[in-house]
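# Descriptive analysis of the structure
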Amino acid sequence: MNSSLNRLPKDYLSTIQLEAVKDIYNVLLDYINNFLNYANNNVLLAYPGHGKTTALALLANQILHDKLKYNGFLFVVKEISHMKALNKILPLEENKVLYVSHENLSEVREKIKQSQIVIITHARFKEIAIEHFRKENINLFTTWRGKRRKVIVDEMPEMIDSFIYQVTDDCQWINEWLDANGKVYNNEDRVKIRNFIIKLLKQKISNENGPTTGKPILSEITELEEKQLLINFLRKTEKNIYEIIDFESRNKLRWFIRLCREENVGYMDQEDSLSKRNKNEKKIICSKKINYEKLQCPILIMDGTAFATPTHYQDYNIIPLDNRTNDERLIITHHHINTSYYARSSSDKTYQVIIRELEKLRGNNQNPFLLSFKKDYEYYSKHNIIDSESSIYKEINILTTSSKNYLSKYTELYLGALPLRPPYYYKAAAIAMFEKDEELLNLKMNHDHSVKQWFSDERIEKIYRELVLRELIQIIYRSNIRNLNEPKTKKVNIYIATKQVHFLYELKRLFEQCGMDKVTFHFDSKTVIDSDKVKEKAIMYANELVEIIKKENIILPQPVGKITNSTAIKNFMNRHWLNYREEILSAFQMHGLTITENSRSWKLVDWLTYETH
């Protein structure tokens, strides 16, 4: 490893913790030297900030240094930007390291088989796994000099192959299907076929009550001419499928062909909107797990959040590593605010409450970076809380922080909501993860408020919770906590606004499970909005008491019951004193009053000072 370190840029070495990098590098070295068990694919629990990219670069240097000793390798990174990051610390060598993206594939295609190390993105990896039967393409990436490459994947690859259709889709992919047939169809035929396919999908949604998609679409077409039109189109387009440039459009075609020819291919989802107004918008959801084993290559995935998603990795061997995160630095504070999609979209109240909380923090010399949904940024920008035109807000939102290091300098983050995706996202994932279950999934949402879960089916709920927690952990690790060289005294504050406090308790359990038991959690048992209501009423009652005190010339201190006969005030004090003491005291102080308790737990009202009032 030391010789490989010497080949890295000196300024880069100062940013990493060598012990953490060495932990990862040693496992990677065991992997390429065949010391790991290949019976199962492996997942290396390499925590965020521990130097996965550096270890990968060191490994590549080692391979190139002893190139005759090793076979070929396929490195898989999340995005093109990660290729560029790797390229900065891994010098390109002719015929040895090759970066392949959608931008340069045609240009470098002939060099792929010659290159000992080929680096691709998650999207390309997904494509070659789903199209594993396309031998000329799969062999191009998975073999080198007649032998299978070993695969190393940075971060969890896409696990789900899905097709989701709803009536509001613009169906541009149908145009691409038609384009694949060249000039076979004139404009009139194109419009006719496009409209017919959309009509068939809409009819399936309208007529099929589920739970699955039922009979094949072709079997439900009664007009012989229409049926023959679709059969001919499918036959021609399937033959020309690789003329469709976009992989996702090709994959939609495959799913549509299955819907036309097979029964019960997918599920009918009749309730799947975050918006209460459109909650019964129906969808077709087809989904299955991507089988990377079809590549017939040994695979090692480096995923620092694998401990949060055990269902996704149930067929993998997990390799644990020491967690070197300086967890004493991390403080997670819960703000009890309803930040659901409906709460944020139905009124400005949630935004206003969050703005006030941010202003309080700024008044205490804190300036957390606000992370929320892209749509939310419009309101916050309009009220001068953020600059939505700044490059960082254009690049990231609460759903797009994974594997991005824009936030690594921030020691304070404020999450204006949980990183929740639409329900169909979790349903599609569950359909894939539990595709072998004999019992069908129940896609209905839970409406029993006594049961604290979003989905009726516990299997979908399980997937949902795992994926939300994974994204939460990813976001937290985007902050400065990922910098392992920072001192313990440099605290990292993460504020999370949500009423779903169970996620934070589960987060605490997961952190403890992976050795982070020194993280400080502050849980808020009362909602910010309830606090506001209590304070508002306390101000009203304090004003009422001041008027009585002055009018009756009452000498303070006195119990509330000695000042007024109002049962409303006394009941208010008794009901809220324990949980909202600060809010009540603050309200009374605004009127020059304070409240103390005597040995008998009586609330005594007194002036803040002994000046004459």
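## Re the overall build of the protein chain
Secondary structure assignment for the protein chain yields 22 helices and 20 strands. Here the C-alpha coordinates of the protein chain stretch approximately 95 × 70 × 45 Å along the principal axes. Of the roughly 29,400 Å² that the protein chain leaves accessible, carbon and sulfur atoms contribute 46%. Computed over 90 positive and 80 negative side-chain charges, the inter-centroid distance for the protein chain is 1 Å.

## A closer look at the sheet that holds strand S14 (residues 369-371)
Pairing is parallel across the open sheet formed by five strands, whose spatial order is S14-S15-S16-S13-S17. In this open sheet, the two edge strands, each paired with only one partner strand, are S14 and strand S17 (520-522). Strand after strand, the sheet turns through a mean of 15 degrees between neighbouring axes, direction not considered. The pairing of strand S13 (residues 330-335) with S17 spans three bridges and is parallel.

## Some words on the pattern of salt bridges
Applying the stated rule across the entire model yields 32 salt bridges. The partner of Arg 124 in a salt bridge is Glu 127, with the nearest N and O atoms 3.7 Å apart. A residue pair is termed a helical-turn pair when its members lie 3 or 4 positions apart in one helix, as Arg 124 and Glu 127 do in helix H7 (residues 122-130) at three residues. Under the relative-accessibility criterion, Glu 127 is labelled buried at 11%. Salt bridges sharing common partners tie together Arg 124, Glu 127, Glu 131, Arg 134, Arg 250 and Arg 254.

## A closer look at the sheet that holds strand S1 (residues 41-44)
In a beta sheet, neighbouring strands are held together by backbone hydrogen bonds and run either parallel or antiparallel to one another. Taken together, seven strands build an open sheet; the order of strands is S3-S4-S2-S7-S11-S1-S12 and the sheet is parallel. Single-partner strands in this sheet number two, and they are strand S3 (97-99) and strand S12 (316-319). Between one strand axis and the next, the sheet turns through 20 degrees on average, direction left out of account. Summarising the sheet, strand S2 (residues 73-77) and strand S7 (residues 150-154) pair through four bridges and their orientation is parallel. Its bridge partner lying in S7, Val 76 is registered against Val 153. Taken strand by strand, helix H4 (residues 52-65) contacts S2, S3, strand S4 (117-121), S7 and strand S11 (299-302), and its axis lies near 160 degrees from that of S2.

## Section: the pairing of S4
Extensive coverage of S4 is indicated by the burial of five of its five residues. Burial along S4 is two-sided: Ile 117, Ile 119 and Thr 121 facing one way and Val 118 and Ile 120 facing the other are all buried. Inspection of the sheet shows S2 paired to S4 by five bridges, in the parallel sense. Within S4, the position partnered with Val 77 by the bridge is Thr 121. Bridging between S3 and S4 involves three bridges; their strand directions are parallel. Following the sheet pairing, Leu 98 is matched in S4 by Val 118.

## Re the environment of Tyr 410
By secondary structure assignment, the location of Tyr 410 is in the loop between helix H16 (391-395) and strand S15 (412-415). As a C-alpha pair, Tyr 410 and Pro 368 span 42 residues in sequence and 7.7 Å in three-dimensional space. Excluding residues within four positions of it along the chain, Tyr 410 makes contact with Phe 369, Ile 392, Ser 479 and Asn 480.

## Thoughts on unusual backbone geometry
In this chain, Gly 210 is followed by Pro 211 through a cis amide linkage whose omega measures 10 degrees. With respect to the element layout, Pro 211 can be found in the loop between helix H10 (187-207) and helix H11 (224-239). With omega at 5 degrees, the peptide bond leading from Leu 556 into Pro 557 counts as cis. In this model, Gln 296 sits at a positive phi of 60 degrees, which is unusual for a non-glycine residue. Structurally, the position occupied by Gln 296 is in the loop between strand S10 (283-289) and S11. Despite not being glycine, Asn 365 shows a phi value in the positive range, around 65 degrees.

## Some words on H10
Here H10 spans 30 Å end to end across 21 residues, near enough to the 30 Å set by a 1.5 Å rise per residue. When we look at burial in H10, the residues that qualify are Ile 193, Arg 194, Phe 196, Ile 197, Ile 198, Leu 200, Leu 201, Lys 204 and Ile 205. In this structure Asn 186 caps H10, since a side-chain oxygen of it lies 3.1 Å from the backbone nitrogen of Glu 188.

## Quick notes on the environment of Val 151
For Val 151, the location among the structural elements is in strand S7. Given the relative accessible area of 1%, Val 151 is considered buried. Leave out the neighbours within four places in its chain, and Val 151 touches Tyr 31, Leu 74, Val 76, Phe 125, Cys 297, Pro 298, Ile 299 and Leu 300.

## A short note on the side chain of Lys 96
Among the secondary structure elements, Lys 96 is positioned in the loop between helix H5 (80-89) and S3. In this view, Lys 96 contacts Leu 64, Lys 67, Ser 115, Gln 116, Ile 117 and Arg 145; residues no more than four positions away in its chain are not counted.

## What about the packing of aromatic side chains?
The geometry of an aromatic ring pair comes down to the distance between the two centres and the angle between the two planes. Scanning the model with the defined rule gives 26 aromatic pairs in all. When the ring of Tyr 47 is compared with that of Phe 307, the centres are 6.0 Å apart and the planes differ by 50 degrees; the resulting orientation is tilted. One end of the pair, Tyr 47, is in the loop between S1 and H4; the other, Phe 307, is in the loop between S11 and S12, with 260 residues separating them in the sequence. Note on Tyr 47: relative accessible area 4%, which makes it buried. Overall, the relative accessible area of 9% leaves Phe 307 in the buried class. With a centroid separation of 6.0 Å and 50 degrees between ring planes, the pair formed by Tyr 185 and Phe 233 is classed as tilted. Taken together, the residues span a long stretch of sequence, with Tyr 185 in the loop between helix H9 (172-179) and H10 and Phe 233 in helix H11 at a distance of 48 residues. Residues Tyr 185 and Phe 233 agree in their burial class; the two are buried. Every member of this aromatic cluster is reached through a ring pair, and the members are Tyr 425, Tyr 426, Trp 454, Phe 455, Tyr 464 and Phe 503.

About the thresholds
Residues numbered from 1 in each chain as written. Predicted model: local features only at pLDDT ≥ 70, side-chain atom pairs only at ≥ 80, totals over all residues. Heavy atoms only, no water. Helix = DSSP H or I, 4+ residues; strand = E, 2+ residues; numbered from the N terminus. Areas by Shrake-Rupley, 256 points an atom, 1.4 Å probe, with all protein chains shown as cover. Lys, Arg positive; Asp, Glu negative; His and termini not counted. Charge placed at Lys NZ, Arg CZ, Asp CG, Glu CD. Pairing = 2+ DSSP bridges. Axes fitted to C-alpha atoms, helices over the stretch in contact; angles between N-to-C directions. Salt bridge = Lys/Arg side-chain N within 4 Å of Asp/Glu carboxyl O. Buried < 20%, exposed > 50% of the residue type's maximum accessible area, 1.4 Å probe, protein only. Contact = heavy atoms within 4.5 Å. Expected span 1.5 Å × (residues − 1). Polar contact = N/O pair within 3.5 Å; in protein donor to acceptor, adjacent residues only side chain to side chain. Phe/Tyr/Trp six-rings, centres within 6.5 Å; stacked < 30°, edge-to-face > 60°.

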